[in-house]
Amino acid sequence: MTNTVVKIEMSGNRYNAWDFEGNKLTSDISTSTRKSAFEAGMALEKREGKGGRTYWWKVPMSEFEATAAPVIDLSGIDVPEDHAEMLNFIHSSYKLKPVGLVMKELKWKYLVRGAVRGKNILMTGPAGCGKTMAAKSVVNALDRPDFYFNLGATQDPRSTLIGNTHFDKKKGTYFSESLFVTAIKTPNAVILLDELSRAHPDAWNILMTVLDAGQRYLRLDEADGSETVPVAEGVTFVATANIGNEYTSTRVMDKALMDRFTIVEMDVLNDEEEYGLLTYMFPHVDPELLKSVSEIANSTRVESRNDSGRVSSGISTRTSVEMAGLMYDGFGLDEAAEVTVYPQYSEDGGMESERTYIKQLVQKFISDGSSDDLFNENEIENANGETS
Ligand SMILES: Nc1ncnc2c1ncn2[C@@H]1O[C@H](COP(=O)(O)OP(=O)(O)O)[C@@H](O)[C@H]1O
Ligand SMILES: [Mg+2]
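Reading the values: the criteria
Residues numbered from 1 in each chain as written. Chains lettered and ligands numbered in written order. Predicted model: local features only at pLDDT ≥ 70, side-chain atom pairs only at ≥ 80, totals over all residues. Heavy atoms only, no water. Near = heavy atom within 4 Å. Polar contact = N/O pair within 3.5 Å; in protein donor to acceptor, adjacent residues only side chain to side chain. Areas by Shrake-Rupley, 256 points an atom, 1.4 Å probe, with all protein chains shown as cover. 1 Å grid on protein atoms, 1.4 Å probe; cavity = no way out; pocket = protein on both sides within 12 Å on 5 of 7 lines; lining within 4 Å. Sits in = over half its atoms within 2 Å of the grid points. Helix = DSSP H or I, 4+ residues; strand = E, 2+ residues; numbered from the N terminus. Nonpolar A, V, L, I, M, F, W, Y, C, P; charged D, E, K, R; others polar. Contact = heavy atoms within 4.5 Å. Phe/Tyr/Trp six-rings, centres within 6.5 Å; stacked < 30°, edge-to-face > 60°. Buried < 20%, exposed > 50% of the residue type's maximum accessible area, 1.4 Å probe, protein only. Lys NZ or Arg CZ within 6 Å of the ring centre and 35° of its normal. Points joined across faces, edges and corners; volume = space filled by probe spheres on them. Patch = residues over 30% accessible without salt bridge, like charges linked within 9 Å, V, L, I, M, F, W, Y side chains within 5 Å. Salt bridge = Lys/Arg side-chain N within 4 Å of Asp/Glu carboxyl O. Pairing = 2+ DSSP bridges. Axes fitted to C-alpha atoms, helices over the stretch in contact; angles between N-to-C directions. pLDDT = per-residue confidence, 0-100.

### Structural notes on the site of ligand 1
Here comes step 1: As a structural note, the neighbourhood of ligand 1 is formed by 16 residues, with Val102, Gly128, Lys131, Thr132 and Met133 the closest of them.
Here comes step 2: For ligand 1, a nitrogen atom lies 3.1 Å from a polar atom in the backbone of glycine 130.
Here comes step 3: Arginine 318 has a polar side-chain atom sitting 3.1 Å from an oxygen atom of ligand 1.
Here comes step 4: Here ligand 1, which alone exposes 560 Å², has 86% of that area covered by the protein.
Here comes step 5: Assessed atom by atom at 2 Å from the grid points, ligand 1 resides in the second largest pocket.
Here comes step 6: Where the shell around ligand 1 is concerned, the elements lending two or more residues are α5 (131-142) and α12 (317-328).
Here comes step 7: Class assignment for the residues of the shell around ligand 1 results in 9 nonpolar, 5 polar and 2 charged.

As structure tokens, this is what we get:
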């Protein structure tokens, strides 16, 4: 429904009325009305009064400009009514990202966009790179009912995702539905499926129909024709999966399940980003120490990406944050590394082991930091001798 709004232009001593399409409507409007609108710098809108009588009412010039909005043919494109609002939300959403979460603007906006568009989102990346943190942050940013399930921690997917059958002397056999069933019945819910990659394969099977855009239902029982629960309108799933270099050998998620998701890959931080994060989180810790932590972590990441590298995985941001936390509590770099980093690396292979490599790397930073001595081979040997 478009209403007629005209703009008055003066030509000679006449006040002409034009609509946006260039139709001249001067003769429909009395001279005094046109003159007064022109003088007030306002547009005129055609309105209908009691008994069908039409009259022209002064409205702000913006009303005239609004009728000038280009008409785009949207047939065939799935554009929601409040598309403008959605666009605005997505593109101004970076301010909703917590300062303490390091994530590039494009990735964050892509994540928010997927969520408001009702996509199933899968955050991927190696362990400890911020997947859970990002997923929780986007859930918080959305102001919608939210539910959290850690699928990596469930031993019994059936009871977590579907529910349990109980027996009671009075009531007989009855079914109590899981929180997950409540979640999928909640319109516009955002459902976090954390550690989906570590879930039991039964969980993946149960989720197949739930996550399929063409099905979107949960079957309460294995049997064909058994009761199903439809996924409510507007429900969004945000899952996380540890998928990084070091995970290629372990159980990889089913391809069919992966296909049901829009993948948002979390970037692993570089040394600058990590240093920025650590100084933001621990402003009272010696920045030189934090610099060492971020450089050590970064070196291991670079090394792990190298085919002939000495380590198979890099130190995660989670571990860097833990190390910085220990330093905040008065532990030294060597001590922090000994309790948080070394246990993650295998000792197999002795001097050629991953652990030896990491120890040498850390030792280099300790030497650099604590004295003017130049790092030399002897020192490494000694360092190794002490701890292994
Ligand atoms: N990109 C990041 N930005 C900020 N903090 C991070 C980031 N990645 C990891 N961390 C830190 O590491 C911790 C673990 O992150 P988490 O989201 O649980 O990792 P993931 O789910 O990928 O294993 C967080 O609590 C945070 O302190
Ligand atoms: Mg996680």
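### Focus on the side chain of serine 316
Here comes step 1: Here serine 316 is to be found in the loop between α11 (287-305) and α12.
Here comes step 2: Not counting residues up to four positions away in its chain, the partners in contact with serine 316 are Ala127, Gly128 and Arg301.

### Structural notes on unusual backbone geometry
Here comes step 1: For asparagine 188, which is not a glycine, the phi torsion comes out positive at approximately 65°.
Here comes step 2: Of note, asparagine 188 is situated in the loop between α7 (179-185) and β9 (190-194).
Here comes step 3: With a phi close to 60°, glutamate 195 is a non-glycine residue in the positive phi region.
Here comes step 4: Along the polypeptide, glutamate 195 turns up in the loop between β9 and α8 (201-211).

### Focus on the packing of aromatic side chains
Here comes step 1: Summed over the entire model, instances satisfying the criterion amount to 6 aromatic pairs.
Here comes step 2: Ring geometry for phenylalanine 149 versus phenylalanine 180: centroids 5.4 Å apart, planes at 80°, classification edge-to-face. Taken together, the positions of phenylalanine 149 in strand β6 (residues 146-150) and phenylalanine 180 in helix α7 put the pair 31 residues apart, joining distant regions of the chain. There is no split in this pair, since phenylalanine 149 and phenylalanine 180 are both buried.
Here comes step 3: One aromatic cluster is present, built from ring pairs that chain together Phe149, Phe180 and Phe237.
Here comes step 4: Its guanidinium or amino end placed over the ring of tyrosine 342, lysine 359 lies 5.7 Å from that ring's centre, counting from NZ or CZ.
Here comes step 5: The side chain of lysine 364 reaches across the aromatic face of phenylalanine 365, ending 5.8 Å from its centre.

### So, the layout of surface pockets
Here comes step 1: One number sums up the size of the second largest pocket: a volume of about 410 Å³.
Here comes step 2: Around the second largest pocket, the lining comprises 22 residues; the ones closest to its centre are Gly128, Cys129, Gly130, Lys131 and Arg318.
Here comes step 3: Those elements that provide at least two residues to the lining of the second largest pocket are α5, β12 (236-242), α10 (271-281) and α12.
Here comes step 4: Grouping the amino acids of the lining of the second largest pocket by side-chain chemistry returns 10 nonpolar, 7 polar and 5 charged.

### Points about the environment of glutamine 155
Here comes step 1: Among the secondary structure elements, glutamine 155 is positioned in the loop between β6 and α6 (157-161).
Here comes step 2: Accessibility expressed as a relative area gives 69% for glutamine 155, which makes it exposed.
Here comes step 3: Taking the C-alpha atoms as reference points, glutamine 155 and alanine 199, separated by 44 residues in sequence, lie 8.6 Å from one another.

### Observations regarding a nonpolar patch on the surface
Here comes step 1: A contiguous nonpolar surface patch, about 320 Å² in accessible area, is contributed by Val99, Tyr280 and Met281.
Here comes step 2: Secondary-structure assignment places valine 99 in the loop between α3 (83-91) and α4 (105-116).
Here comes step 3: The exposure class assigned to valine 99 is exposed, which follows from its relative accessible area of 62%.

### Some points on the sheet that holds β12
Here comes step 1: Reading across the sheet, the 5 strands line up as β6-β9-β12-β5-β13 and stay open at both edges, with parallel pairing between neighbours. At either margin of the open sheet sits one strand with a lone partner, and together these are β6 and β13 (262-265). Shown here is a sheet whose adjacent strand axes are inclined to one another by a mean of 20°, direction ignored.
Here comes step 2: Looking at chain direction, strand β5 (residues 121-125) and β12 are connected through 5 bridges and run parallel. Following the sheet pairing, threonine 124 is matched in β12 by alanine 241.

### Details of the confidence of the model for the protein chain
Here comes step 1: With 87% of its residues at a pLDDT of at least 70, the protein chain reaches an overall mean of 87.
Here comes step 2: Contacts from residues 245-250, a stretch scored under 50 in pLDDT, to residues over four places away or in other chains number 9 contacts.
Here comes step 3: Below pLDDT 50 for its whole length, residues 369-377 participates in 4 contacts with residues either more than four positions away or in separate chains.

### Let's talk about the pattern of salt bridges
Here comes step 1: A full pass over the atoms with the stated rule returns 12 salt bridges.
Here comes step 2: Two residues, glutamate 105 and lysine 109, come together in a salt bridge whose shortest N-O distance is 3.7 Å. Of the two residues, glutamate 105 and lysine 109 are both situated in helix α4; the distance of 4 residues between them amounts to about one turn of the helix.
Here comes step 3: Under the relative-accessibility criterion, glutamate 105 is labelled partly exposed at 35%.

### A look at the environment of methionine 208
Here comes step 1: Inspection of the secondary structure assignment puts methionine 208 in helix α8.
Here comes step 2: Of the residues examined, methionine 208 reaches a relative accessible area of 15% and is grouped as buried.
Here comes step 3: Taking C-alpha positions, methionine 208 is 8.2 Å from arginine 260, a pair spaced 52 residues apart along the chain.
Here comes step 4: If sequence neighbours within four positions are ignored, methionine 208 has contacts with Asp254, Ala256, Leu257 and Arg260.

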